[in-house]
Amino acid sequence: DPQQIELATASKRKLRRFIVIDEVVDKLYGSKVREYFEENNVQHKILALPTTEETKSMDLVLNILHEVQSFSLDRRTEPIIAIGGGVCLDIVGLAASLYRRRTPYIRVPTTLLSYVDASVGAKNGVNFLQCKNKLGGYTPPVASFLDRSFLQSIPRRHISNGLGEILKMALMKHKGLFDLLKNHGKHLLDTKFQSCNSFAHHGDAALQTTRIAIETMLEELAPNLWEDDLDRLVDFGHLISPELEMRVLPSLMHGEAVNIDMAFMTYVAHARGLLDAGEKEQILQCMRGLELPVWHGGCSWALIQRALRERLQHSGGQLRMPLPTGLGVADIFNDTSEETLERAYELWVKD
């Protein structure tokens, strides 16, 4: 906004920014970030931290808040900037929401998962008592800055991990997105979502895929930002995965755990007659093409039962189970019997 730039540059007060950056991202891009602020004459403090599921705790939030207090941040004009993956964005979002009751913050996602998932919406949080995101709140960022060039430096497994959340939106809401993933998945993995003219026969699959994923996510989240309505298609893949992910840390990444959950739920949908055998196989084939796991030994029948009991407890006494009813269409069901779930599980194990 030219007016805002004019106001900022006309002010006699020096611009100041507090930045929290994941320590791995800092090693790769920290010098460029520092150079940017120095060239623009911005007084800055950069705090590099290990932001992983294992460190995603209130201790790290308090660590950030101590540093914010030392920096004497002005919550009206000096947003905190978070640069990193989903864990980093979640932790900084919670810290910002607590400081002076609410300090603005900006999300800069650096992984594919955070690019299409954590960058969108209002939720933030930390793990507590071995439960995923048990403490948190709803404080949307003032902005999310999306730059796919960050994805060049992340390992192939992290690209696959992000594709799990993109596939979630494809299966729930968008057959065209499913077709993009089915037809261009290997290309997206090979090129790490970088747009390149030499791949003309793929079109700009990276831009189309990320844009549709974010647009469909926003369609779901924007009208229900505070989750007043508990019937949410975006919960697909998130009924069993929180329990599984925390139980087997660090062997599964978030998108991988989500995909294992989605694979099981695909069998549930098939057992209910919502998907035919061909559709079920297309989904599983697409998952394998995206190099996502469709099974994990830690996902026992006992774990599934425990996770669904937890779901009932926190979803108003109903399962609110999102299931695909075709490719790119879905609905929410409260009447899936234990017998159907067990039959689906047995077939999943057998396959």
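Residues numbered from 1 in each chain as written. Predicted model: local features only at pLDDT ≥ 70, side-chain atom pairs only at ≥ 80, totals over all residues. Heavy atoms only, no water.

(A) Fine view of the overall build of the chain. Within the chain, the regular secondary structure consists of 13 helices and nine strands. For 351 residues, the compact-globule formula gives about 20 Å, and the C-alpha radius of gyration of the chain, at 21 Å, lands near that figure. Counting only C-alpha atoms, the chain reaches 70 × 50 × 35 Å along its principal axes. For the chain, the residues scored as buried account for 52% of the 351 residues in total. Here the contacts in the chain between residues at least 6 apart in sequence split such that 75% fall between residues at least 24 apart. (Helix = DSSP H or I, 4+ residues; strand = E, 2+ residues; numbered from the N terminus. Rg over C-alpha atoms; globule rule 2.2 N^0.38 Å. Buried < 20%, exposed > 50% of the residue type's maximum accessible area, 1.4 Å probe, protein only. Contact = heavy atoms within 4.5 Å.)

(B) Here's a closer look at the pattern of salt bridges. Summed over the entire model, instances satisfying the criterion amount to 27 salt bridges. Between Arg288 and Glu281 there is a salt bridge, with its nearest N and O atoms 3.6 Å apart. Taking relative accessible area as the criterion, Arg288 reaches 45% and is therefore assigned partly exposed. Salt bridges sharing partners connect three or more residues here, namely Lys123, Glu227, Arg232, Asp235 and Arg311. (Salt bridge = Lys/Arg side-chain N within 4 Å of Asp/Glu carboxyl O.)

(C) Geometry of the packing of aromatic side chains. Tallied over the entire structure, the rule returns nine aromatic pairs. Geometrically, the ring pair formed by Tyr36 and Phe37 is edge-to-face, given 5.3 Å between the ring centres and 75° between the ring planes. Through a chain of ring-to-ring contacts, the aromatic side chains of Phe264, Trp295, Trp301, Tyr345 and Trp348 assemble into a single cluster. One Lys or Arg, Arg16, reaches over the ring of Phe71 and ends 4.0 Å from the middle of that ring. (Phe/Tyr/Trp six-rings, centres within 6.5 Å; stacked < 30°, edge-to-face > 60°. Lys NZ or Arg CZ within 6 Å of the ring centre and 35° of its normal.)

(D) Highlighting helix H13 (residues 338-350). In this model H13 runs 18 Å from its N-terminal to its C-terminal C-alpha over 13 residues, within 8% of the 18 Å that 1.5 Å per residue would give. Looking at the packing, one finds that the buried side of H13 touches helix H10 (254-271), helix H12 (301-314) and strand S8 (321-324). (Expected span 1.5 Å × (residues − 1).)

(E) Here's a closer look at the domain arrangement of the chain. As far as domains go, the chain holds domain 1 (14-152) and domain 2 (156-194 + 202-350). For domain 1 and domain 2, the distance between their C-alpha centres works out to 27 Å. Across the boundary between the two partners, domain 1 contributes 23 residues, which contact 31 residues of domain 2. In total, about 2,300 Å² of surface goes out of reach between domain 1 and domain 2, with carbon and sulfur atoms giving 68% of it. For domain 1, the biggest contributors to the area lost against domain 2 are Leu112, Leu113 and Arg148; these three give 27% of the whole. The interface formed by domain 1 and domain 2 holds three salt bridges in total. (Domains from an automatic or database assignment. Buried area = accessible area lost by both parts, 1.4 Å probe.)

(F) Molecular detail of the state of the cysteines. Scanning the model with the defined rule gives zero disulfides in all. Among the cysteines around Cys131, which has no disulfide bond, Cys299 carries the closest sulfur, lying 17 Å off. The class of Cys131 is partly exposed, set by a relative accessible area of 28%. (Disulfide = S-S within 2.5 Å.)

(G) Main features of the side chain of Thr266. Mapped onto the fold, Thr266 is located in helix H10. A relative accessible area of 0% means that Thr266 is categorised as buried. Within the structure, Thr266 has its side chain in polar contact with the backbone oxygen of Met262 (distance 2.8 Å). Apart from residues no more than four positions distant in its own chain, Thr266 is found in contact with Leu275, Lys280, Ile283 and Met287. (Polar contact = N/O pair within 3.5 Å; in protein donor to acceptor, adjacent residues only side chain to side chain.)

(H) Inspection of the nonpolar core at higher detail. The biggest cluster of nonpolar side chains holds 71 residues, and the ones touching the most others in it are Leu167 and Phe264. Among the elements that line this core, the one with the most residues is H10, at 10 residues. The residues that make up this core include at least three from each of domain 1 (14-152) and domain 2 (156-194 + 202-350). Filtering out sequence-adjacent residues up to four positions away, Phe264 remains in contact with Ile240, Ile304, Leu341, Ala344, Tyr345 and Trp348. (Core = buried A, V, L, I, M, F, W, Y, C linked by side-chain atoms within 4.5 Å.)

(I) Summary view of the environment of Ile21. Here Ile21 lies in strand S1 (residues 16-22). Accessibility expressed as a relative area gives 1% for Ile21, which makes it buried. Considered as a pair, Ile21 and Ala48 are 27 residues apart in the sequence and their alpha carbons are 4.9 Å apart. Not counting chain neighbours up to four residues away, the residues in contact with Ile21 comprise Asp26, Val33, Ile46, Leu47, Ala48, Leu49 and Ile83.

(J) Up close: a negative patch on the surface. On the surface, Glu338, Glu339, Glu342 and Glu346 cluster together to form a negatively charged patch. Position of Glu339 relative to the elements: it lies in helix H13. Glu339 sits in the exposed class, given a relative accessible area of 61%. (Patch = residues over 30% accessible without salt bridge, like charges linked within 9 Å, V, L, I, M, F, W, Y side chains within 5 Å. Areas by Shrake-Rupley, 256 points an atom, 1.4 Å probe, with all protein chains shown as cover. Lys, Arg positive; Asp, Glu negative; His and termini not counted. Charge placed at Lys NZ, Arg CZ, Asp CG, Glu CD.)

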